[in-house]
Amino acid sequence: MNTEKKSLRDVWSSRWAFILVATGSAVGLGNIWKFPYIAGENGGGAFVLVYLLCIAIIGIPVMMAEIMVGRSGKQNTVNTLKSIAKKEGRDPAWRFIAWVGVAAGFIILSYYSVIAGEALAYVFRAFGGTFEGVTADGAQNIYKSLTDDPERLLAWHTVFMVITMTVAARGIKNGLEKLIKVLMPALVVMLLLLVGFAANTGEYFTQAVDFLFSPDFSKLTRAGVLTAMGHAFFTLSLGMGAIMVYGSYLPKDISIAKVTVAIAFADTLIALLAGLAIFPLVFANDLSTNAGPGLIFETLPIAFGHMAGGQLFGGIFFVLLVFAAWSSAISLIEPAISWLVENKQISRRRASVTAGFAVWLLGLLTVFSFNVGSHWLLFGMTLFELLDYLTANIMLPLGGLFVTLFAGWIMSQKSSRGELAIKSDFVYRSWLFLVRYVSPVAISIIFLNIIGLLG
Ligand code: PHE
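Residues numbered from 1 in each chain as written. Predicted model: local features only at pLDDT ≥ 70, side-chain atom pairs only at ≥ 80, totals over all residues. Heavy atoms only, no water.

### A closer look at the overall build of the protein
The helix and strand tally for the protein stands at 19 helices and zero strands. In terms of overall size, the protein behaves like a compact globule, its C-alpha atoms giving a radius of gyration of 21 Å where 455 residues would be expected to give roughly 23 Å. On the principal axes, the C-alpha backbone points of the protein span a range of 65 × 50 × 40 Å. The proportion of buried residues among the 455 residues of the protein is 60%. Restricting to contacts in the protein with at least 6 residues of sequence separation, those with at least 24 account for 83%. When the accessible area of the protein is evaluated, it comes to approximately 17,400 Å², of which 66% is carbon and sulfur surface. Counting 32 positive and 26 negative side-chain charges, the protein places the centres of these two groups 16 Å from one another. (Helix = DSSP H or I, 4+ residues; strand = E, 2+ residues; numbered from the N terminus. Rg over C-alpha atoms; globule rule 2.2 N^0.38 Å. Buried < 20%, exposed > 50% of the residue type's maximum accessible area, 1.4 Å probe, protein only. Contact = heavy atoms within 4.5 Å. Areas by Shrake-Rupley, 256 points an atom, 1.4 Å probe, with all protein chains shown as cover. Lys, Arg positive; Asp, Glu negative; His and termini not counted. Charge placed at Lys NZ, Arg CZ, Asp CG, Glu CD.)

### Considering the confidence of the model for the protein
Here the protein averages 93 in pLDDT, while 97% of its residues score no lower than 70. Ignoring residues within four places in sequence, the model shows residues 1-8, a span with pLDDT below 50, making four contacts including any to other chains. (pLDDT = per-residue confidence, 0-100.)

### Overview of the nonpolar core
Membership of the largest hydrophobic core comes to 168 residues, with the highest contact counts inside it found for Phe 18, Phe 317, Phe 318, Phe 406 and Trp 431. By residue number, the principal contributor to this core is helix α6 (residues 96-127), which donates 18 residues. With near-sequence residues (within four places) excluded, Trp 431 lies in contact with Pro 61, Met 64, Ala 65, Met 68, Ala 407, Ser 416 and Leu 420. (Core = buried A, V, L, I, M, F, W, Y, C linked by side-chain atoms within 4.5 Å.)

### Concerning the site of the ligand
Near the ligand, the surroundings consist of 14 residues, among which Ala 26, Gly 30, Tyr 112, Phe 234 and Ser 237 are the closest. Contact distances for the ligand include 3.0 Å between a nitrogen atom and a side-chain N or O atom of Ser 237. When the ligand is considered free in solution it has 320 Å² of accessible area, and contact with the protein chains removes 100% of it. Mapped onto the shell around the ligand, the elements with two or more residues apiece are α2 (15-26), α3 (29-41), α11 (222-235) and α15 (310-343). Per-class residue counts for the shell around the ligand are six nonpolar, eight polar and no charged. (Near = heavy atom within 4 Å. Polar contact = N/O pair within 3.5 Å; in protein donor to acceptor, adjacent residues only side chain to side chain. Nonpolar A, V, L, I, M, F, W, Y, C, P; charged D, E, K, R; others polar.)

### Focus: the pattern of salt bridges
Counted according to the given criterion, the structure contains eight salt bridges. Linking Arg 348 and Glu 334 is a salt bridge whose minimum nitrogen-to-oxygen distance equals 2.7 Å. Taken together, the positions of Arg 348 in helix α16 (residues 348-369) and Glu 334 in helix α15 put the pair 14 residues apart, joining distant regions of the chain. Through salt bridges with shared partners, a single network forms among Arg 71, Lys 252 and Glu 419. (Salt bridge = Lys/Arg side-chain N within 4 Å of Asp/Glu carboxyl O.)

### Considerations on the environment of Gly 363
Counting through the fold element by element, Gly 363 comes out in helix α16. Taking relative accessible area as the criterion, Gly 363 reaches 0% and is therefore assigned buried. Put simply, Gly 363 and His 157 are 206 residues apart on the chain and 7.7 Å apart in space, counted from C-alpha to C-alpha. Not counting residues within four places of it along the chain, the set of residues in contact with Gly 363 comprises Ser 110, Val 114 and His 157.

### As for the packing of aromatic side chains
Working definition: an aromatic ring pair is given by the centre-to-centre distance plus the angle between the planes. Following the criterion strictly, the structure yields 30 aromatic pairs and no others. Seen from their ring centres, Tyr 111 and Phe 384 are 5.6 Å apart, and the 75 degrees between their planes marks the pair as edge-to-face. One end of the pair, Tyr 111, is in helix α6; the other, Phe 384, is in helix α17 (residues 383-410), with 273 residues separating them in the sequence. For the residue pair Tyr 111 and Phe 384, the accessibility class agrees, reading buried in each case. Taking the ring centre of Phe 234 as reference, the NZ or CZ of Lys 34 above it sits at 4.4 Å. Over the ring of Trp 409 we find Arg 436; its NZ or CZ atom is 4.0 Å from the centre of that ring. (Phe/Tyr/Trp six-rings, centres within 6.5 Å; stacked < 30°, edge-to-face > 60°. Lys NZ or Arg CZ within 6 Å of the ring centre and 35° of its normal.)

Written as structure tokens, this is what we have:
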């Protein structure tokens, strides 16, 4: 019994509740906004295949490792890593992984909030009938007029940060859990509706299925492989401690392997549905698959503008997207907040205000990178692109790499086996093999390959 820590911290109310909040963290802009546009930019099928492989052989074992480490430490990520390392007689400096994670969460949230703000702006445009009968050109203009205006972007970014920090300040168990129970099923229904609309485009739907699912490896670059792996981490919320800290609130008797598979499955399904909703519209309207971050904002309005009840459905859809982003945003900042609360002894409220303000400020870089600062380039990327690249393609996979090393080599097998409590020896051994060898080697190869060290 760990009575000493239980008194301090909440635990999730059930297995189902954990699946929902972790899925709430996983499913967000990554699935609906980012996955389609990066799949589009990287040529489709082959990229999607690599992404799916990364989910299966890296994402799932890493997620199990994070939940396991989190539950076994039962504290914020920094303390958890430190105390486990100490217990195993290893260097407590392993906690630096948690610091990288906290930083990654800050940076990701800084641009995540700007994009979520755009979705929020779209709620009003959709309900207000702006998309009625809109053409592809019209939809592009609507998006451009939003991103060209730093004041508007800033205002929506501010609103999103305020609602995120308000919930974060209250603690994640109350509110979040209940909200997500309604939200997730509703999101799936809306996506199915959009896929249904897209399916009506006939040949274009087939073309989209082809684009997403028949791999053409000549279109896959090294950079594309890194992006696919990075996205596997991003979409499953791995490599920065969000899932680890959620795992720290997980009751003992719940099977980590089963919940992980359920979360990864739901997350992947939602991303693929988003792709199937969007690409038929891209092809039907002769748009480019290369549209980048504006892709969903420039395609979905066309669907809503032409379907019966589109004004209502469009509004509902963007509301759901904002909610999905909201529950992910809260998890992005949770490692920082739990550290501030547990180690600096400040209230959750103060922790949320402080962390939230810092993130908000950092978000200005992204706000400006769409307009006044669109020509501020570093390494050939805008500031938004740079922050995204740095976090999703580098910091998260690196964090994941260290997590696998920590779970596979620093934690003793006795500890990891006890915590995972997998009945089948074969399943435990397979997991161990994946975290000890397969994931770290795969991540390293992809990194080395990008640096050009592997030919
Ligand atoms: N998984 C979230 C998404 O796909 C983003 C996220 C990344 C959340 C990392 C937490 C940690 O939108």
